[in-house]
Structure formats: structure tokens, C-alpha cells
Amino acid sequence: MTKQISLGVFEMMNPNNGMPTWTHPLGKGDRYDTVDYWVGVAKTLDANGVDFLFFADTYGYATIDGVMPDLVAKHGIQFPGFDPMLLISALARETTGLGFVLTSPTTVERPYATARRFATLDHYTGGRIGWNIVTGSSQATTDDLFGVSETTTHDERYDVADEFVDVCLELWEGVWEDDALVRDASTNTFADPAKLHPIDHEGAHFRARGVFAIPPGPQRSPVLFQAGTSERGRAFAARNAEAVLIQGQTVAKAAAHVLDIREQAVAHGREPHDVKVVTGVTITVAPTHDEAVAKRQELENLYTVDDAAVIFAGFTGVDLTGFDPASPLTAITSDQGQTLVDRFVRPGEPVPTVGDVLDDFRMRANRGFQITGDPVEVADELQRIVDGSDVDGIMLEPTFGGPEAFEEFLELVAPILRERGMLAPLPAAPEPTSLRERVTGAASRRLPGGHPGARFRHETEPVAG
Ligand SMILES: Cc1cc2nc3c(=O)[nH]c(=O)nc-3n(C[C@H](O)[C@H](O)[C@H](O)COP(=O)(O)O)c2cc1C
């Protein structure tokens, strides 16, 4: 029997969260700047049993040699972009069970501020917050915007990230004992100072000393997501992540990726299934096969090679705009997005041309499985992916950039998946559950004991539940 999976939805808070589609009648992405739009999205997802709404985010935007290409502003290519974190309290208030996963980088942020923001949101969401830990896409642009002059290599950024996450975990897990918050007006005791344990961290990249000013929320630590897929990115995930986002392309490749993550988790002293793997899927579904194919074609017609080249440059730092499309893409290395480059240039395999790469990228951009069909075809394909790769969840990627990307799925495909036991039954009304329980299937809202962050806990503290 196919296993039960988690269901998420991928969004970005900008007019075109994939390829430029906002001009299409179904594209509502240009409403990204209104609270009402997102409240509507969140309520629909909540009512339909979706586990989490994921916001990808970056401070940067596509640049080529430090300059923003005109097309970025003209077509609104992942630009301009708001800060999703500031919206979450409003969405949490309007929803009951939907989780929220926010992207925040370990490059230009500081551990204490990051820990504080996520701990606050753990309270305001009632334990429905997750952190997508990124070492930064558009990093060169971000560095320019933040005035960062020292250059850090791809792998060094993950070393920094390991330490960054450790500091956060120590703040979340190690400072407050479970019963440190007393709140007893009769004795004028708000918190018990004997049950607060200051941290004293001095590492290669960060120093942090003192007490964390936020008492534990329902989850204490947000659910830790991660999405880097390079060798070093996977090692980081195996150590830190509770959920890894991948962009599966074929069942065989996804299966190998999942296996690799599980094996590396074991090497870090964790159980193989302690790390859940969620793959991106772009689904174009309609009542009939032909309608779905026509819709997908309409979508692809919106994607131009020029837009693709700009997005490609933004992700990889590699400018293909000036190249002859027939020229081979040989020996490209990029510190900004090695994974993306590796996807196209593989040792021992025929070297693609610049034109091949851009055409492929135009259709897939930075995405997972592309599935088009009628509801049963889509359900069958998802079942084949889950059975064949052992992924634990799927995340719906945007199509035209409006709610249609998930509304039709929820109406047409989700009931079939529920019948097959692949999605949890829909409760009569959304139920307040922590994001950790929903995504990892854990029985506890708290970080599991096998996670490295658990080592910061105090022995006097009861096993969290
Ligand atoms: C599904 C998915 C979502 C991602 N979302 C973001 C994001 O929102 N912001 C970001 O800076 N990087 C994002 N990334 C990029 C990675 O987190 C990572 O920083 C990048 O791939 C470089 O690391 P790598 O070389 O290990 O892959 C995402 C990647 C994937 C697969």
C-alpha cells in the first residue's frame, strides 16, 4: 500500500513566483502585496487539509555581473518582493491547522535575531512554524545590498550555517526549563531565574552569550527544513534537517537522492526516517486529459528563453544570455548554485548546448516533477513517484501564479489520493496540530530526542511531549 504523505504548497511573495505569468488571466501573482489575497489562500489551504504553506524567499534578485537586467523589473521576474515573515501572524489568526514554512538565510542574518523571530512565531502560530534554512541564492546580489565584502565559498557557507543553527538550537532548547515560566501573580513571580540557563557560545563564526528572552512555544524549535542538494548541502541536511525539499526529476533520481539523505542521516547518528523528504511537483490538472494538455501548453507559451536566461543567471551566477545557443556548456563552475549547474553538466554524459539548457530550464526552471493529466492520471503518477522513490511528501509548485495551482488539485486530485490512503482523511473542521506532528508524523510537538539539538536540553527537563 502507498504510504500517507504530507502536502505543502510553494509560494513566493512576488508577482511571478516561477516564470513570468502574471499577465495571464489565471495569474493572480500581482496581488502578492495585499494581505487579503494571502488570507484567502491560507484559508483555502487550511480548509482542505494542506499541511503547510511554504514561502521561498531571498533578499536578492537576478543580476548579471552585479547589474539587474532590465527584464527583471520589466517583467516582474521574482521582483519586487515582500518579506513573508511579517504576514504570518495575520495568516495564523485566520487559520487553525495550516503550518507555515519561512525561508531565512544563515548568511546575512544573525543567529540571535533569527532565533527570536521564529520563537515568537512559534507562539503566535500555536506551534505551526517551520524554518527553511538557506545558505542563500542570489548571494552576490544580497552581499552587495548588505555591503558584505568578504567572499565565502559555497562549502564554507554551509560550515557557517552549521554553527548558526547550533546557536539557535541552544537558545531554543537549552535556556528555559519547561517549568521556568511561572506567571504567578500571587507571588509576583513571572519566571524562575534558577531555571534559566544562559548560553556561552564561542565558535569559529559566532559568539553569543546570555539568556534567551523568549520562553518556549509549543514546538520550542521551529521545524527545520532545508533545500540544498549539493554534496555539502546534503551533509548539512543529514545533520540538521527534519524535512528536506528536493526537486525530483525522475523517480530513479529521486529514489537515489532520498536513499542518500537517509544514509547520511544514519551516519550522523539519526534514524533513516528522521529526515522527511518532500519533492516539488508542478501539476496541471483538468477534468479531461486534453484540457490539461492544452492548459499546460498555454502555460509554457508564457515562458520565454530570455526570461529563463535571466532566472538562470540569478540562480547560478552564470550568464548564458550572450552565448551562441549551439555552443556546448562545458566545465562551468559556479559557487552560487552548483546543484543547478551539475544538473546539466555531468561527468561521462554528453555535454548539452547552451540552447538545450535554456530550453530545459525554461520549462522546468528550478522545479520538481512536471505532471499533466486528468485527475486519475495525476493521482497515478503521484502514486508511482511515492512508491518508487520513498518521498514522504509533495509540495505543489505554482503554475500561472494564482490559487488555481492548488484549487484544482484540491478539488479533483486530493479526494482520489485520500481514497487511496495517500493523504490523511479530511477532518470536519481544521484541527490545531503542530507543524512538526503534521510533517514528520512525530507523536510530539518538540524536536525529537535523536536530533543533535536535543543535546542542549537540561537534564532536569522532562522529555518533551
Ligand atoms: C525546493 C527548493 C526551494 C528553495 N528555496 C530557496 C529560497 O527560498 N531561498 C533561497 O535562497 N534558496 C532556496 N533554495 C536554494 C537552496 O536552499 C540552496 O541554498 C541552494 O540550492 C544552494 O545550495 P546547494 O548548492 O547545496 O544546492 C531552494 C531550493 C529548493 C530545492
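Conventions we followed
- Residues numbered from 1 in each chain as written.
- Predicted model: local features only at pLDDT ≥ 70, side-chain atom pairs only at ≥ 80, totals over all residues.
- Heavy atoms only, no water.
- UniProt positions renumbered as here; feature names shortened; annotations may be inferred.
- Axes fitted to C-alpha atoms, helices over the stretch in contact; angles between N-to-C directions.
- Helix = DSSP H or I, 4+ residues; strand = E, 2+ residues; numbered from the N terminus.
- Parallel < 35°, antiparallel > 145°, perpendicular 65-115°, else oblique.
- Left-handed = near helix turned anticlockwise from the far one by under 90°.
- Contact = heavy atoms within 4.5 Å.
- Nonpolar A, V, L, I, M, F, W, Y, C, P; charged D, E, K, R; others polar.
- Buried < 20%, exposed > 50% of the residue type's maximum accessible area, 1.4 Å probe, protein only.
- Pairing = 2+ DSSP bridges.
- Right-handed = clockwise from strand over helix to strand, strands pointing away.
- 1 Å grid on protein atoms, 1.4 Å probe; cavity = no way out; pocket = protein on both sides within 12 Å on 5 of 7 lines; lining within 4 Å.
- Points joined across faces, edges and corners; volume = space filled by probe spheres on them.
- Phe/Tyr/Trp six-rings, centres within 6.5 Å; stacked < 30°, edge-to-face > 60°.
- Domains from an automatic or database assignment.
- Buried area = accessible area lost by both parts, 1.4 Å probe.
- Salt bridge = Lys/Arg side-chain N within 4 Å of Asp/Glu carboxyl O.
- Polar contact = N/O pair within 3.5 Å; in protein donor to acceptor, adjacent residues only side chain to side chain.

For the protein, an unreviewed UniProt entry supplies the name FMN-dependent oxidoreductase (Nitrilotriacetate monooxygenase family) and the organism Frondihabitans australicus. The UniProt entry for the protein carries the following comment under Sequence similarities (unreviewed entry): "Belongs to the NtaA/SnaA/DszA monooxygenase family."

Q: For this particular structure, what's the right way to read the packing of helix 4 (residues 111-124) against helix 6 (residues 154-174)?
A: Axes are the key here: two packed helices are described by the angle between their axes and the distance separating the axes. Orientation of helix 4 relative to helix 6, taken along the N-to-C sense of each, is 50°, at an axis distance of 9 Å. Between helix 4 and helix 6, the angle falls in the class oblique. When the axes of helix 4 and helix 6 are compared, the crossing they make is right-handed. Along its contact with helix 4, which presents P111, Y112, T114, A115, F118 and A119, the element helix 6 presents F164, V167, C168, L171 and W172. Classifying every residue of the contact of helix 4 with helix 6 by side-chain character gives 10 nonpolar, one polar and no charged.

Q: What am I meant to see in the environment of L121 here?
A: Looking at the secondary structure, you find L121 in helix 4. Separated by 29 residues in sequence, L121 and A92 place their C-alpha atoms 9.2 Å apart.

Q: Honestly, the pairing of strand 10 (residues 243-246) in this entry has me stumped. Any pointers?
A: Looking along a regular strand, one sees side chains alternate from face to face of the sheet. Residues A243 and L245 of strand 10 are buried on one face, and the alternating residues V244 and I246, pointing to the opposite face, are buried as well. Here strand 9 (residues 223-226) pairs with strand 10 via two bridges, running parallel. Residue pairing for strand 10: Q226 is matched across the bridge by V244. Handedness of the β-α-β unit built from strand 9, helix 7 (residues 231-240) and strand 10 comes out right-handed. Sheet topology places strand 10 next to strand 11 (residues 276-285); four bridges connect them, and they run parallel.

Q: Can you help me understand the layout of surface pockets in this one?
A: A probe as big as a water molecule, rolled over the atoms, marks out the empty space that is left. Its boundaries defined by the atoms lining it, the second largest pocket holds a volume of some 520 Å³. If you go around the second largest pocket, you meet 25 residues; those closest to its centre are Q4, D51, A424, E437 and R438. Counting residues per element, the ones that place at least two in the lining of the second largest pocket are helix 1 (35-47) and helix 15 (435-440). The greatest single-element share of the lining of the second largest pocket, amounting to four residues, is contributed by helix 15.

Q: How should I be thinking about the pairing of strand 13 (residues 393-396) in this particular structure?
A: Burial of the side chains of strand 13 extends over both faces: G393 and M395 are buried on one face and I394 and L396 on the other. The pairing of strand 1 (residues 6-12) with strand 13 spans four bridges and is classified as parallel. Each bridged residue has a counterpart across the sheet, and for V9 the counterpart in strand 13 is L396. Bridging between strand 11 and strand 13 involves four bridges; their strand directions are parallel. Paired with T279 across the two strands is I394, which belongs to strand 13.

Q: Whenever I open this one, the packing of aromatic side chains confuses me. Can you help?
A: Think of a pair of aromatic rings as described by two things: how far the centres are apart, and how the planes are tilted against each other in angle. Applying the stated criterion to the full structure yields 14 aromatic pairs. Ring geometry for Y32 and F82: centres 5.2 Å apart, planes at 75°, overall edge-to-face. Note that Y32 is positioned in the loop between strand 1 and helix 1 and F82 in the loop between helix 2 (70-75) and helix 3 (88-93), a separation of 50 residues in sequence. Overall, the relative accessible area of 8% leaves Y32 in the buried class. Assessed through its relative accessible area of 39%, F82 is described here as partly exposed.

Q: Please clarify how the domain arrangement of the protein should be interpreted in this entry.
A: One frequently used descriptor of interface size is the decrease in accessible area upon assembly of the parts. When the domains of the protein are assigned, the result is domain 1 (6-289 + 370-456) and domain 2 (304-364). At the interface, 26 residues of domain 1 touch 18 residues of domain 2. Both faces considered, domain 1 and domain 2 share a buried interface measuring about 1800 Å² in area, 57% of it formed by carbon and sulfur atoms. Summed over the three residues of domain 1 that lose the most area to domain 2, namely M19, I64 and Q249, the buried surface amounts to 29% of that side. Remark: the boundary between domain 1 and domain 2 carries zero salt bridges. Taken together, the connections running from domain 1 to domain 2 amount to one residue pair in polar contact (both at pLDDT 80 or more). At the level of elements, helix 2, helix 5 (139-146) and helix 6 are the ones that each hand at least two residues to the side of domain 1 that touches domain 2.

Q: Could you clarify how one ought to interpret the environment of L329 in this entry?
A: Along the chain, L329 turns up in the loop between helix 10 (305-316) and helix 11 (338-344). Residues L329 and D356, 27 residues apart in the sequence, show an inter-C-alpha distance of 9.2 Å. Apart from the residues within four sequence positions on either side, L329 is in contact with L320, F344, V345, V351, P352, T353, V354 and V357.

Q: Whenever I open this one, the UniProt feature "binding site: FMN" (unreviewed entry) in the protein confuses me. Can you help?
A: Here, UniProt's "binding site: FMN" (unreviewed entry) annotation points to D57, T103, H154, Y158 and S230. Inspection of the secondary structure puts D57 in the loop between strand 2 (52-56) and helix 2. Judged by relative accessible area, which is 26%, D57 ranks as partly exposed. The residues contacting D57, other than those within four sequence positions of it, are M12, F82, P84 and T103. Summarising the element assignment, T103 is placed in strand 3 (residues 99-105). Within polar-contact distance, the side chain of T103 engages the backbone oxygen of F55 at 2.7 Å.

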